[in-house]
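# Breakdown of the fold
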Amino acid sequence: MKNEFMIRAIQLSKESVNNGGGPFGSVIVKDNKIIAEGLNRVTPTKDPTAHGEIVAIREACKKLNDFSLKGCELYSNCEPCPMCLSAIYWARIDKIYYANTREDAQKIDFDDSFIYSEFHKNINERKIPMFQMMRNEALEAFEIWDNKTDKIKY
């Protein structure tokens, strides 16, 4: 059964290339059924976050009417990049199955090693400068959230 889900993710990756996107495709499965599909839409939509996994996550959340994808599995033709992996954790997906590795992706100029290396650096040593400002004013929203009794935690 799992093979058919990976086969579909691989098919989507090829469709993506043929439709002007990068070679990435994903499916999200719940109860042994595909509930969402995503192919890379970065260049066609001019959206750097429109990776196959993100597109699939957005579709699955909409379909289930929930921000949690607990009970779901993700199949991707490639090991998820740092952004997609973070989104997968935020969505609470149970398992990830992947085919190609990040080293395979690096060989065709999809190299995430720079981003992985940035995570280990001190905030002041990262390539994109970061400056903290107006923390006290911004903490007000955190205090409002912290005191809210009817909040939906995620």
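The structure reproduced in this document is the subject of the present report.

Calculation notes
- Residues numbered from 1 in each chain as written.
- Predicted model: local features only at pLDDT ≥ 70, side-chain atom pairs only at ≥ 80, totals over all residues.
- Heavy atoms only, no water.
- 1 Å grid on protein atoms, 1.4 Å probe; cavity = no way out; pocket = protein on both sides within 12 Å on 5 of 7 lines; lining within 4 Å.
- Points joined across faces, edges and corners; volume = space filled by probe spheres on them.
- Nonpolar A, V, L, I, M, F, W, Y, C, P; charged D, E, K, R; others polar.
- Patch = residues over 30% accessible without salt bridge, like charges linked within 9 Å, V, L, I, M, F, W, Y side chains within 5 Å.
- Areas by Shrake-Rupley, 256 points an atom, 1.4 Å probe, with all protein chains shown as cover.
- Salt bridge = Lys/Arg side-chain N within 4 Å of Asp/Glu carboxyl O.
- Helix = DSSP H or I, 4+ residues; strand = E, 2+ residues; numbered from the N terminus.
- Buried < 20%, exposed > 50% of the residue type's maximum accessible area, 1.4 Å probe, protein only.

### Some points on the layout of surface pockets
A volume near 260 Å³ is recorded for the largest pocket. Around the largest pocket, the lining is made up of 17 residues, and of these Phe-24, His-51, Cys-81, Phe-110 and Asp-112 lie nearest the centre. Here the lining of the largest pocket is composed, by residue class, of seven nonpolar, six polar and four charged. Approximately 150 Å³ is the volume found for the second largest pocket. If you trace the second largest pocket, you find it lined by Phe-114, Ile-115, Glu-118, Phe-119, Arg-126, Lys-127, Ile-128 and Met-130. Its residues assigned to classes, the lining of the second largest pocket shows five nonpolar, no polar and three charged.

### Observations concerning a nonpolar patch on the surface
On the surface, a cluster of nonpolar side chains totalling about 490 Å² of accessible area is made up of Phe-67, Trp-145, Ile-152 and Tyr-154. With respect to the helices, strands and loops of the structure, Trp-145 is situated in helix 7 (residues 135–147). Judged by its relative accessible area of 37%, Trp-145 is partly exposed.

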